[in-house]
Protein chains: 2
Amino acid sequence: MKEVKAILNDTLVLLFNLVLKSEEKFLREVGCKDLSINEIHVIDAVGKNESPTMGAVAGELNVTLGTLTTAINNLEKKEYVARKRGVKDRRVVFLSLTEKGQNIFDLHQEFHDDMINEIVNSLSDSEELALMKGLNNLIDYFMTNYS
Amino acid sequence: MKEVKAILNDTLVLLFNLVLKSEEKFLREVGCKDLSINEIHVIDAVGKNESPTMGAVAGELNVTLGTLTTAINNLEKKEYVARKRGVKDRRVVFLSLTEKGQNIFDLHQEFHDDMINEIVNSLSDSEELALMKGLNNLIDYFMTNYS
DNA sequence: AAATATAATTTGATAATCAAAGTATTGAGG
DNA sequence: CCTCAATACTTTGATTATCAAATTATATTT
C-alpha cells in the first residue's frame, strides 16, 4: 500500500509541472506570443466568472488586489480585457474580455477540453466516479484544513 | 456526460490553486517565515534526487540553469542547501540539504503524505486503481503531445 | 594541441508577487 | 445631513522568479 501512495505522490507532482508547461507550449503553438501562462489564467478567470469584478477575480486566483491590478493594467494595454466602473457602486470595477481576449479564452478552453477528454475517455463510468470521488475528497480536505 | 467533464475540469483547476495555497499556508503554520513556495519545491527536488546536480534539479523543476543558479544562491545564503564541486568532473556542482534544509524537507513531506493519505484512504482498492489510471493517462497524453 | 561540447554562472531585462499606504465611494449611526 | 468606518481598488516600494544570451571553466574528441 505504501507503494501506491508514493507513486500517487510522484504522479501528482509530475502532473502539476506538466500541466503548466503544456499550457505554455500550447499557447506558443497556437501563435500567441505576447501572453504568459499567468496572464492566460487571468483571462480565463475573467471569462468564466459571471460577475467579474477585480475583487472576485483576485479571489478566484488567490492573489491580492494589488497583484491583479498590475496584471490587468498590462492586459488592458495589450487589449485583451477592458475595465468599466460600476454605475450602481462606483468603487467596483467590472472586467470583460475584448474580442481578442475572448479568442484566446476559447483556445485555452479547447486545451482544457482535450485534457479532460483524455482522462474521461480512458475510464469506465465507475472509474470516472472514483476519480471524481478522490478529487472531491481532496478539495474537502484542503477547504477544511487550509482555508 | 458533458456535465461530468465540466465538473472534472473545474475540480482540477480548483485543486491546482488549492494545493499551492495550502502548501504555502502549511509552511506558515509550521513557523517557516523565510521560504517561498518555490524555494520549498527546490529544496524538495534537491532532497529527493539521488544525484542532485544543478542540471538534474533544473531539469526536474523544468527551469533553466540560470533560474536555478539564482534560487540556489539565495538558499545557500539562507543556509538551506550547500554546493560542492564534483571531484571527478569539476564542471559539475552537487547540491545537498543542510540540517535546516532537511528539516523543512521532512515537514513538507509530511504535508504531501497527509494529502495522499486523504485521497487514498477515502477510496476502495478498485477506485484507487481508477485514479492511478486516470492520472497516468493524463501524463502519457502530455508526454506525447507537449514534450 | 585545437576545436567542440558540457556544466554552471553572470548579465540584463521583464513579469509576478506582496504588504502597506493612499484614494474614492458607500453605508450606518447619530 | 454629517461624520466615521468599511469597502473596492490603485499605487508604491521591494523582492523573487524567470528567461535568453554571453561568459567561464572544464572535459572530450579529433
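Relevant structure appears above.
First things first, this report covers the structure right here in the doc. No experiment lies behind these values; they were computed from the predicted model shown.

## Some remarks on the interface of chain B and chain A
Residue-level contacts link 56 residues of chain B with 56 residues of chain A. Taking both partners together, chain B and chain A bury about 5,700 Å²; carbon and sulfur atoms supply 72% of that area. Here chain B is connected to chain A by zero salt bridges. The interface formed by chain B and chain A includes zero residue pairs in polar contact (both at pLDDT 80 or more). Mapped by element, the contributors of at least two residues to the side of chain B that touches chain A are α1 (2-29), α5 (99-121) and α6 (125-146) of chain B.

## Topic: the relation of the copies chain B and chain A
After a rotation of 179° and a shift along the axis of 0.0 Å, chain B superposes on chain A with an RMSD of 0.2 Å. Viewed as a symmetry operation, the transformation between the two copies matches a two-fold axis. It is Leu131(B) whose C-alpha, among those of chain B, lies nearest the rotation axis, at 2.5 Å. A shared binding surface is used by both copies, with 100% of the interface residues of chain B retained as interface residues in chain A.

## Observations concerning the protein's contact with DNA strand D
Around DNA strand D there are 22 residues in total, and Gly55(A), Thr69(A), Arg91(A), Ser36(B) and Thr67(B) lie nearest to it. Sugar and phosphate atoms represent 72% of those atoms of DNA strand D found within 4 Å of the protein. Here a phosphate oxygen of DNA strand D and a side-chain polar atom of Ser36(B) are 2.5 Å apart. The contact in question runs from a sugar or linking oxygen of DNA strand D to an N or O atom on the side chain of Arg91(B), over 3.4 Å. Those elements giving two or more residues to the surface near DNA strand D turn out to be α3 (54-61), α4 (65-77) and β1 (81-85) of chain A together with α2 (37-48) and α4 (65-77) of chain B. If one sorts the elements of the surface near DNA strand D by residue count, α4(A) sits on top with three residues.

## Describing the protein's contact with DNA strand C
For DNA strand C, the set of nearby residues contains 23 residues, the closest of which are Ser36(A), Thr67(A), Gly55(B), Thr69(B) and Arg83(B). For DNA strand C, the backbone makes up 75% of the atoms found within 4 Å of the protein, where backbone means sugar plus phosphate. One nitrogen or oxygen atom from the main chain of Arg90(A) is found 3.1 Å from a phosphate oxygen belonging to DNA strand C. Here a phosphate oxygen of DNA strand C sits 2.7 Å away from a polar atom, N or O, in the main chain of Gly55(B).

## Remarks on the nonpolar core
Core analysis: the largest hydrophobic core is formed by 40 residues, its most contacted members being Phe142(A) and Phe142(B). Of all the secondary structure elements, the ones that give two or more residues to this core are α1 (2-29), α5 (99-121) and α6 (125-146) of chain A together with α1, α5 and α6 of chain B.

## Regarding the side chain of Glu23(A)
Residues and elements named next belong to chain A. Among the structural elements, Glu-23 can be located in helix α1. No salt bridge is formed by the buried Glu-23; its nearest oppositely charged neighbour, Lys-48, is found at 8.9 Å. Within the structure, the side chain of Glu-23 is placed 2.9 Å from the side chain of His-41, a separation counted as a polar contact. With residues up to four places along the chain from it excluded, the contact list for Glu-23 reads Ile-37, His-41, His-108, Phe-111 and His-112.

## A look at the packing of helix α2 (residues 37-48) of chain A against α4(A)
Residue and element names in this part refer to chain A. At a closest axis distance of 11 Å, the pairing of α2 and α4 adopts a crossing angle of 90°. Considering the angle they form, α2 stands roughly perpendicular to α4. In this structure, α2 uses Glu-39, Val-42 and Ile-43 to contact α4, whose residues at the interface are Leu-68, Ala-71, Ile-72, Asn-74 and Leu-75. Residues belonging to the contact of α2 with α4 are distributed by class as follows: six nonpolar, one polar and one charged.

## Here we look at a negative patch on the surface
On the surface, Asp140(A), Asp106(B), Glu110(B), Asp113(B), Asp114(B) and Glu118(B) cluster together into a negatively charged patch. The topology assignment puts Asp114(B) in helix α5.

## Overview of the pattern of salt bridges
Residues and elements named next belong to chain A. On inspection of all chains with the given rule, the structure shows eight salt bridges over all chains. Note that Lys-48 and Asp-44 form a salt bridge whose closest N and O atoms lie 3.3 Å from each other. Here the residue Lys-48 and the residue Asp-44 both occupy positions in helix α2, the gap between them amounting to four residues, near one helical turn. The class for Lys-48 is partly exposed, based on a relative accessible area of 33%.

Quick notes on the rules
Residues numbered from 1 in each chain as written. Chains lettered and ligands numbered in written order. Predicted model: local features only at pLDDT ≥ 70, side-chain atom pairs only at ≥ 80, totals over all residues. Heavy atoms only, no water. Contact = heavy atoms within 4.5 Å. Buried area = accessible area lost by both parts, 1.4 Å probe. Salt bridge = Lys/Arg side-chain N within 4 Å of Asp/Glu carboxyl O. Polar contact = N/O pair within 3.5 Å; in protein donor to acceptor, adjacent residues only side chain to side chain. Helix = DSSP H or I, 4+ residues; strand = E, 2+ residues; numbered from the N terminus. Least-squares fit on C-alpha atoms with pLDDT ≥ 70 in both. Near = heavy atom within 4 Å. Core = buried A, V, L, I, M, F, W, Y, C linked by side-chain atoms within 4.5 Å. Buried < 20%, exposed > 50% of the residue type's maximum accessible area, 1.4 Å probe, protein only. Lys, Arg positive; Asp, Glu negative; His and termini not counted. Axes fitted to C-alpha atoms, helices over the stretch in contact; angles between N-to-C directions. Parallel < 35°, antiparallel > 145°, perpendicular 65-115°, else oblique. Nonpolar A, V, L, I, M, F, W, Y, C, P; charged D, E, K, R; others polar. Patch = residues over 30% accessible without salt bridge, like charges linked within 9 Å, V, L, I, M, F, W, Y side chains within 5 Å. Areas by Shrake-Rupley, 256 points an atom, 1.4 Å probe, with all protein chains shown as cover. Charge placed at Lys NZ, Arg CZ, Asp CG, Glu CD.

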